[in-house]
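Structural overview for review
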Amino acid sequence: MKTILCYGDSLTWGYDPAGPGRHSFEDRWPSVLQAALGDRARVIAEGLNGRTTVFDDYAAGADRNGSRVLPTLLTSHAPLDLVIIMLGTNDMKPFICGRAFGAKQGMQRLVDIVRRHDYPMGDPAPKVLVMAPPQACATDDPDFSVLFDNARSESAKLAGLYEALARDMGVGFFDAGRVARTSPLDGVHLDADNTRSIGAGVAPVVTEMLGF
């Protein structure tokens, strides 16, 4: 049985824009991926609200810097066959980074961490699948419209930047924006149908990468 780590933010955690709350376990995209793969793989969901690629955000009690937390998870969940990384949405916050290119640089660092990590018992590095999150959309929410100011234009660049990065680094790529759209309720999160669509959409890519 293969082991897959899904490393992400609130889109992986399952934040419900109609809440605030969390989508049912079966509606979260890692759960849908697990159902599609069946007993061929074990899918581990590691989503954290507000997580960035490599940038600090001290507005919450949890460590949101993805580069600082990832090495611990790579060890605690080893051995791993595939790491799926979908981050970058929170990098779009103006006080975090605010630029898609910064998120691209952060994603490159995360891929490097996966490849160069000191895995226990000499386990080989897992394969990596970079996922671009769906583009932010317009919202009338007074908080999210300010929190993600300019995110619509910058997040639209993520898929192209991530695809080029994945090609240059020789890792997998999937654009979640091909199968899912963000909710206008807050402009960045997904309703249940769209988060399920990501799990169903990425399943064939994972199947090919793992040789099922």
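It should be noted that the structure appears before, not after, this text.
Residues numbered from 1 in each chain as written. Predicted model: local features only at pLDDT ≥ 70, side-chain atom pairs only at ≥ 80, totals over all residues. Heavy atoms only, no water.

**Overview of unusual backbone geometry**
To keep it simple, the criterion reads: Numbering goes from the N terminus for both helices and strands, where a helix is a DSSP run of H or I of at least four residues and a strand is a run of E of at least two.
Following A78, the chain continues into P79 via a peptide bond in cis, with omega recorded as 0 degrees. Within the element layout of this structure, P79 appears in the loop between helix 3 (66-76) and strand 5 (82-86).

**So, the packing of helix 3 against helix 4 (residues 100-116)**
For the record, the criterion: For every element, the axis is a line fit to its C-alpha atoms; helices are fit only across the contacting stretch, and the angle between N-to-C directions ranges from 0 to 180 degrees. These descriptions rest on fixed angle ranges, namely under 35 degrees for roughly parallel, over 145 for roughly antiparallel, 65 to 115 for roughly perpendicular, and the rest for oblique. In a left-handed crossing the near helix is turned counterclockwise from the far helix by less than a right angle, and in a right-handed crossing that turn is clockwise. Note on contacts: a residue pair qualifies if any of its non-hydrogen atoms lie within 4.5 Å across the two residues. As a working rule, the residues Ala, Val, Leu, Ile, Met, Phe, Trp, Tyr, Cys and Pro are called nonpolar, Asp, Glu, Lys and Arg charged, and the rest polar, with Gly in that last group.
Where helix 3 meets helix 4, the closest approach of the two axes is 10 Å, and the angle between their N-to-C directions is 20 degrees. Regarding the angle of helix 3 to helix 4, the classification is roughly parallel. Crossing geometry of helix 3 relative to helix 4 is assigned as right-handed. Contacts from G66, S67, L70, P71 and L74 in helix 3 reach L110, I113 and V114 in helix 4. Of the residues assigned to the contact of helix 3 with helix 4, the class counts are six nonpolar, two polar and no charged.

**Digging into the sheet that holds strand 6 (residues 127-132)**
Put simply, the rule is: Two strands are counted as paired when DSSP detects at least two bridges linking them.
Reading across the sheet, the five strands line up as 4-1-5-6-7 and stay open at both edges, with parallel pairing between neighbours. Taken across any chain shown, the strands that pair with only one partner, and hence form the sheet edges, are strand 4 (41-47) and strand 7 (172-175). The sheet shows a mean angle of 20 degrees between the axes of neighbouring strands, taken without regard to direction. Relative to strand 6, strand 5 is paired through four bridges, and the arrangement is parallel. Note that in strand 6 the partner of V83 across the bridge is V128. Of the strands in this sheet, strand 1 (2-8), strand 5, strand 6 and strand 7 are in contact with helix 8 (residues 192-209), which crosses strand 6 at around 150 degrees.

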